[in-house]
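Residue-level structure breakdown
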Amino acid sequence: MTVTIVEAGAPVLRQRATEVAPEAIATPAFAELVAAMTAAMRGAPGVGLAAPQIGVGQRVIVLEDRAELIARLTAEERRERERAPFPLQVIVNPQLRTIGDERTVFFEGCLSVPGYVALVERHREVEVTGLDAQGAALAWRVRGWPARILQHEVDHLDGILYVDRMITKSFVTEAQARARFAGRPIAEIRGLLGL
Ligand code: ZN
């Protein structure tokens, strides 16, 4: 199955995605959608994908963080980001609730805005509720990197891209971010960016 990730400019990325009817879950068509999203996410590779990113305006997200992706970070970067592997999550009609007032700022990119990253402030901890791929109720409370991914993906369902929330002065090419900022603590990166 070949799917194309749509990029910023496509109207579907700027529209509110529609709720999935519970009876539409656990159907072959729905399983195909989830399989296509998962394949697109892994192929990129990325740690999250929302259905609008493959041109489907429905409220479905997939997330997964794998050891091989995290291996690119230093131990200190993993600790600072609170990033650890977690298995594939499929969430239908997600509802996000932020927990506490703590926020963190890190670089974020998007498969629909290829080649760039920027610093984005996000809530440190959130709880998501919704339905899983079989239509059963789920609740997942997370802190750190998975909380950031969730906020990014749920934004996609509301037609919001990270560039709408980024610290604009921090918008840089992925290549420059890698060359100049990899392995540095976020406080030092902020200094280099004049923030
Ligand atoms: Zn994205």
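Above this text is the structure in question.
Reference entry: report on the structure contained in this document. The residue numbering used here restarts from 1 in each chain and proceeds along that chain's sequence as written. In keeping with the predicted nature of the model, local features appear solely for residues at pLDDT of at least 70, side-chain atom pairs appear and are counted solely at 80 or more, and the whole-chain, interface and lining totals rest on all residues. The side-chain quantities take in all heavy atoms of the structure and omit both hydrogens and water.

Remarks on the pattern of salt bridges
Where we set the bar: For this analysis, a salt bridge means a side-chain nitrogen from Lys or Arg found within 4 Å of a carboxyl oxygen belonging to Asp or Glu. What counts as a helix is a DSSP run of H or I of at least four residues, what counts as a strand is a run of E of at least two, and both are numbered from the N terminus. Summary of the burial criterion: residues with accessible area below 20% of their type's maximum are buried, those above 50% are exposed, and those between are partly exposed, where the area comes from a 1.4 Å probe applied to protein chains only.
One pass over the full model with this rule turns up 22 salt bridges. Between arginine 14 and aspartate 164 there is a salt bridge, with the nearest N and O atoms lying 2.7 Å from each other. Of this pair, arginine 14 sits in the segment before helix H1 (28–43) while aspartate 164 sits in the loop between helix H4 (145–157) and strand S6 (172–173), and the two are 150 residues apart along the sequence. In this structure, aspartate 155 and arginine 122 form a salt bridge, with 3.0 Å as the shortest nitrogen-oxygen distance. One end of the pair, aspartate 155, is in helix H4; the other, arginine 122, is in strand S4 (residues 116–131), with 33 residues separating them in the sequence. The pair aspartate 155 / arginine 122 is uniform in exposure class, with both members buried. Among the charged side chains, a salt-bridge network with shared partners connects Glu108, Arg122, Arg148, Asp155 and Arg165.

A short note on the coordination of the zinc ion
Applied cut-off: For Na, K and Ca the donor cut-off is 3.2 Å, while for other metals it is 2.8 Å, and in both cases only N, O and S atoms qualify; water is not among them, so sites may look incomplete.
Within the protein, the atoms that donate to the zinc ion are Cys110 (SG), His152 (NE2) and His156 (NE2), at distances of 2.1 to 2.3 Å. Read in sequence order, the donor residues for the zinc ion give the motif C-x41-H-x3-H. With histidine 152 and histidine 156 both in helix H4 and 4 residues apart, the pair spans about one turn of that helix. The burial state of histidine 152 is the same as that of histidine 156; both residues are buried.

Considering H1
The test is simple: A helix is expected to span 1.5 Å multiplied by its residue count minus one. The criterion used for residue contact is that any of the two residues' heavy atoms lie within 4.5 Å.
The terminal C-alpha atoms of H1, which comprises 16 residues, lie 22 Å apart, in line with the 22 Å expected from a rise of 1.5 Å per residue. Listed in full, the buried residues belonging to H1 are Phe30, Leu33, Val34, Ala36, Met37, Thr38, Ala40 and Met41. Its buried side turned inward, H1 meets strand S1 (48–50), strand S2 (60–65) and strand S3 (86–109).

What to know about the pairing of S2
With respect to burial, S2 is a largely interior element, 6 of its 6 residues being buried. Side chains Val60, Val62 and Glu64 project from S2 onto one buried face, and the interleaved Ile61, Leu63 and Asp65 project onto a second face that is buried too.

A look at the nonpolar core
Just so we agree on the cut-off: Residue types Ala, Val, Leu, Ile, Met, Phe, Trp, Tyr and Cys, when buried and joined through side-chain atoms within 4.5 Å, form a set referred to as a nonpolar core.
The biggest cluster of nonpolar side chains holds 30 residues, and the ones touching the most others in it are Ile61, Leu63, Ile91, Phe107, Trp140 and Leu150. Those elements that provide at least two residues to this core are S2, S3, S4, strand S5 (137–143), H4, helix H5 (174–181) and helix H6 (186–192). The dominant element in this core, judged by the number of residues it contributes, is H4, at 6 residues. Residues contacting tryptophan 140, with those up to four places away along its chain left out, are Leu63, Phe86, Gln89, Ile91, Val126, Glu127, Val128, Pro146 and Leu150. Within the second largest apolar cluster, 17 residues are counted, among which are Phe30, Ala36, Ala51 and Val92.

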